[in-house]
Amino acid sequence: MSHSSEIQPKDIAKPVDKLGEVYSLMVLSAPYDKEGMEPDLKEPKDSWKTKFCASLDGFIALDTLVRPSTSEEEDEFVQKFINGLAKLFADSNNNFLQPLQLTMDYCAKCNTCSEACHVFEATNRHELYRPIFRSEVFRKIYKKYFTPGGKLLGKFVGADIDINWESIARLGELAYRCNLCRRCAQTCPLGLDNGTLTHEIRKIFSQEMGIAPTALHTKGTELQLKTGSSTGMNKLAFLDTIEFLEEEIEEKTGRKIKIPIDKKGADFLLTHNAGEYLAWPENPAAFAILFEEAGLNWTLSSSMIGYDNVNYGIWYDDTMARKVALQQFEAAKELGIQRIVIGECGHAHKAGIVSSDRMTYGEDKVRVESCLPLLWELVETKRLTFNPEKNNFPVTLHDPCNIVRHMGIVQPQRNILKAICPQFREMTPHGVDNYCCGGGSGFAVMQSLNFPDFRNKISTRMKFQQILNAFDEELVTNTDIVKYVCAPCSNCKGAIRDMLEYYQATDRFNIHYGGLVELMVNALTTLEQPYLTFTDE
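Residues numbered from 1 in each chain as written. Predicted model: local features only at pLDDT ≥ 70, side-chain atom pairs only at ≥ 80, totals over all residues. Heavy atoms only, no water.

Visitor: How do you make sense of the overall build of the protein when you look at a structure like this?
Guide: Helices and strands together make up the secondary structure of the protein, namely 24 helices and eight strands. Relative to the 2.2 N^0.38 estimate, which gives 24 Å for 537 residues, the radius of gyration of the protein is 24 Å and therefore close to what a compact globule would have. The principal-axis extents of the C-alpha atoms in the protein amount to approximately 75 × 55 × 45 Å. Expressed as a percentage of the 537 residues in the protein, the buried residues total 61%. The long-range share in the protein, meaning contacts at least 24 apart out of those at least 6 apart in sequence, stands at 78%. Accessible area of the protein: about 21,000 Å², with a carbon and sulfur share of 49%. Taking the average location of the 59 positive side-chain charges in the protein and that of its 72 negative ones, the two points are 4 Å from each other. (Helix = DSSP H or I, 4+ residues; strand = E, 2+ residues; numbered from the N terminus. Rg over C-alpha atoms; globule rule 2.2 N^0.38 Å. Buried < 20%, exposed > 50% of the residue type's maximum accessible area, 1.4 Å probe, protein only. Contact = heavy atoms within 4.5 Å. Areas by Shrake-Rupley, 256 points an atom, 1.4 Å probe, with all protein chains shown as cover. Lys, Arg positive; Asp, Glu negative; His and termini not counted. Charge placed at Lys NZ, Arg CZ, Asp CG, Glu CD.)

Okay, structure coming up:
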């Protein structure tokens, strides 16, 4: 296929090796505007092209979507997709049917959504990544098979897409070029949601066709239901980890803290993304230090899935999401606890507070809250006291989409930072207008084949630009000073970690990342030694 501007939705079935090539990307600010500051994109291996669908743009997200070897297998693949499409518009899809139908029926093609999309902008407005390109492909397929006009008049009413393995596989890949950040939905003058439509495409592939990224399904949800955690951490390993945290806290702060586990009668159950225990143990340790110093009556749970608030199902499969949600609620009910507080994990916020509320009913439900208002209350009421001078280095805040744009929790986290970080500065734009980290909707944990190249080079590009802009003065005048990106979300931290490594931003410019509670502990007046240490400081 030639230039991006020539690609149309009806070309999705076109017999070409690659429908769209990413020729150019948004130029980053100085010092990343010079040659040699970032790796080049690589071509996929020939063996990958033969086995998977690399014919959309050269990237492969669906590592379980394998080319059929016979015409019968291809026919079966197509029929399963059509069957799944029919189910999306049935009454049984009641949680999503109305927004899906409205998005299908009322799009004015004004393209307001396109300018809001960080992937579209990062690729210099490549047609493949225009939000309504994906929606229009889906709309044309639906029209062809499920509307009288489409069946009768075909291409004369826009039902002009040929259905075969290639076109459906490309649509499946397109559903994994969107972070589900809903920035497009926020700007749509009609309130339509291309993110919901993308989610529904993913749902057909998983629930009807058994196709989902290995990182999300087999090594994510299935592993969580089998062992208790998407990390594979079982109860014994969790208890060992908590002992390790207690030892680390004592070694680092001199405080001997016994972290409460399975404490009946606690005021609330605190849950973390289990990835925090393995990748960033200083985060759950910081929660323990703050809550113990404030004298809160809290606990962790060691029951099945009670120690992992991850729920990858909300990105691709409603059935799996509900199974996980019910077990997470059960962990609280076993302890007689009426309230779950979600730690620093954006997608767990949405999964536990919004999605689970829609997927469960009556006595199955447990009240779920964000940790951020609670943390601000501890600061505002001076239940904890801080010395801001301990955090006297440039700090900026990344707003996780699920917490801020989707749930409206905007102010507590920045109130805290304004109170404890003298050099806090906002990104531009910020709050509900902020850009996704680029790791949303599962991208942060999808490491197979060449998909990390898409994430690091394209979907995180706008966020990296925001970080460069937030520290632009120090990047030029003082490359040695520590610069801290506060990201109160486990998923976002994973994307930002990989982004900083990809661009060597820590080695070159001393840019670091971490959570909010680590900054709070670092500024405690009662703590003699710094909690944060920066190896490149």
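Having put the structure on the table, let's press on.
Visitor: Would you mind showing me how to read the sheet that holds strand β3 (residues 339-342) here?
Guide: Each strand in a sheet pairs with another by means of backbone hydrogen bonds, the pair being arranged parallel or else antiparallel. The parallel open sheet is built from four strands, whose spatial order is β2-β1-β3-β4. The outermost strands of the open sheet, each flanked by one partner alone, are β2 (298-299) and β4 (367-370). As judged from the four bridges shared by β3 and β4, these two strands associate in the parallel manner. Within the sheet, the bridge partner assigned to arginine 339 lies in β4 and is arginine 367. Here helix α15 (residues 318-334) sits on the sheet in contact with β1 (268-271), β3 and β4, set at roughly 125° to β3. (Pairing = 2+ DSSP bridges. Axes fitted to C-alpha atoms, helices over the stretch in contact; angles between N-to-C directions.)

Visitor: Please clarify how the state of the cysteines should be interpreted in this entry.
Guide: Defined simply, a disulfide is a covalent bond joining two cysteines at their sulfur atoms. This model, assessed by the stated rule, comprises zero disulfides. For the unlinked cysteine cysteine 371, the closest cysteine sulfur is that of cysteine 345, found at 10 Å. Between cysteine 437, a cysteine without a disulfide, and cysteine 492, which holds the nearest cysteine sulfur, the sulfur-to-sulfur distance is 3.8 Å. On the basis of relative accessibility, which here comes to 1%, the residue cysteine 437 falls in the buried class. (Disulfide = S-S within 2.5 Å.)

Visitor: Could you clarify how one ought to interpret helix α14 (residues 282-294) in this entry?
Guide: Because each turn of an α-helix spans 3.6 residues, side chains separated by three or four positions end up pointing in the same direction. Between its first and last C-alpha, α14 extends 18 Å over 13 residues, near the 18 Å set by a 1.5 Å rise per residue. Burial analysis of α14 places 10 of its 13 residues in the buried class, the great majority of the element. Residues of α14 that are buried include every one of Asn283, Pro284, Ala285, Ala286, Phe287, Ala288, Ile289, Leu290, Phe291 and Ala294, and no others. Immediately beyond the C-terminal end of α14, within one or two residues, lies glycine 295, with a positive phi of roughly 75°. (Expected span 1.5 Å × (residues − 1).)

Visitor: Can you help me understand the sheet that holds strand β6 (residues 424-425) in this one?
Guide: An order of β6-β5-β7-β8 is seen for the four strands of this open sheet, with the pairing classed as parallel. Edge strands, defined here as strands with exactly one partner in the open sheet, are β6 and β8 (511-514). Note that strand β7 (residues 483-486) and β8 share four bridges and pair parallel. Residue pairing across strands places cysteine 486 opposite glycine 514, the latter belonging to β8.

Visitor: Before we go on, may I ask you to explain the packing of aromatic side chains in this structure?
Guide: In this description, a pair of aromatic rings is defined by centroid distance and the angle of the planes. Across all of its chains, the model carries 24 aromatic pairs by this definition. Arranged with centres 4.9 Å apart and planes meeting at 85°, the rings of phenylalanine 443 and phenylalanine 451 form a pair that is edge-to-face. One exposure class covers both phenylalanine 443 and phenylalanine 451, and it is buried. Aromatic side chains tyrosine 502 and tyrosine 503 sit 5.1 Å apart centroid to centroid with 80° between the ring planes, which places their arrangement in the edge-to-face category. The burial state of tyrosine 502 is the same as that of tyrosine 503; both residues are buried. (Phe/Tyr/Trp six-rings, centres within 6.5 Å; stacked < 30°, edge-to-face > 60°.)

Visitor: Honestly, the packing of helix α11 (residues 217-227) against α15 in this entry has me stumped. Any pointers?
Guide: When two helices pack together, their arrangement is given by the angle between the helix axes and by the axis-to-axis distance. Following both chains from N to C, one finds α11 and α15 inclined at 35°, their axes separated by 10 Å at the closest point. Two packed elements cross with a definite hand, and for α11 against α15 that hand is left-handed. Each of His217, Thr221, Glu222, Gln224 and Leu225 in α11 lies in contact with α15, whose residues at this interface are Met320, Lys323, Val324, Gln327 and Gln328. (Left-handed = near helix turned anticlockwise from the far one by under 90°.)

Visitor: So what exactly am I meant to see when it comes to the pattern of salt bridges here?
Guide: Pairing between side chains of opposite charge can happen when the charged atoms of each approach one another. Taken as a whole and assessed by the stated rule, the structure comprises 36 salt bridges. The closest approach of N and O atoms between glutamate 474 and arginine 425, which form a salt bridge, is 3.0 Å. Taken together, the residues glutamate 474 in helix α21 (residues 472-477) and arginine 425 in strand β6 connect sequence positions 49 residues apart. When its relative accessible area of 9% is taken as the criterion, glutamate 474 is described as buried. Linked by salt bridges that have partners in common, Lys18, Glu21, Glu43, Asp46 and Lys49 make up one network. (Salt bridge = Lys/Arg side-chain N within 4 Å of Asp/Glu carboxyl O.)

Visitor: I would appreciate a short explanation of the packing of helix α2 (residues 71-88) against helix α10 (residues 194-208) in the present structure.
Guide: One can describe the packing of α2 onto α10 by two numbers: an axis separation of 9 Å at closest approach and a directional angle of 120°. Regarding the angle of α2 to α10, the classification is oblique. Classified by chirality, the crossing of α10 by α2 is right-handed. Contact residues: Phe77, Lys80, Phe81, Asn83, Gly84, Leu85, Lys87 and Leu88 in α2; Glu200, Lys203, Ile204, Phe205 and Glu208 in α10. (Parallel < 35°, antiparallel > 145°, perpendicular 65-115°, else oblique.)

Visitor: How should I be thinking about a negative patch on the surface in this particular structure?
Guide: The grouping of Asp240, Glu243, Glu247, Glu248 and Glu251 at the surface amounts to a negative patch. Relative to the helices and strands, glutamate 247 resides in helix α12 (residues 235-253). (Patch = residues over 30% accessible without salt bridge, like charges linked within 9 Å, V, L, I, M, F, W, Y side chains within 5 Å.)

Visitor: Explain helix α20 (residues 461-470) here, please?
Guide: Most of α20 is tucked away: nine of the 10 residues are buried. Among the residues of α20, Arg461, Met462, Lys463, Phe464, Gln465, Gln466, Ile467, Leu468 and Ala470 are the ones counted as buried.

Visitor: What's the story with a nonpolar patch on the surface in this structure? I'm lost.
Guide: Taken together, the side chains of Leu102, Tyr106 and Leu190 make up a nonpolar region of the molecular surface, amounting to roughly 310 Å² of accessible area. Tracing the sequence through the fold places tyrosine 106 in helix α3 (residues 97-106).

These results come straight from atomic positions and should not be treated as a statement about function.
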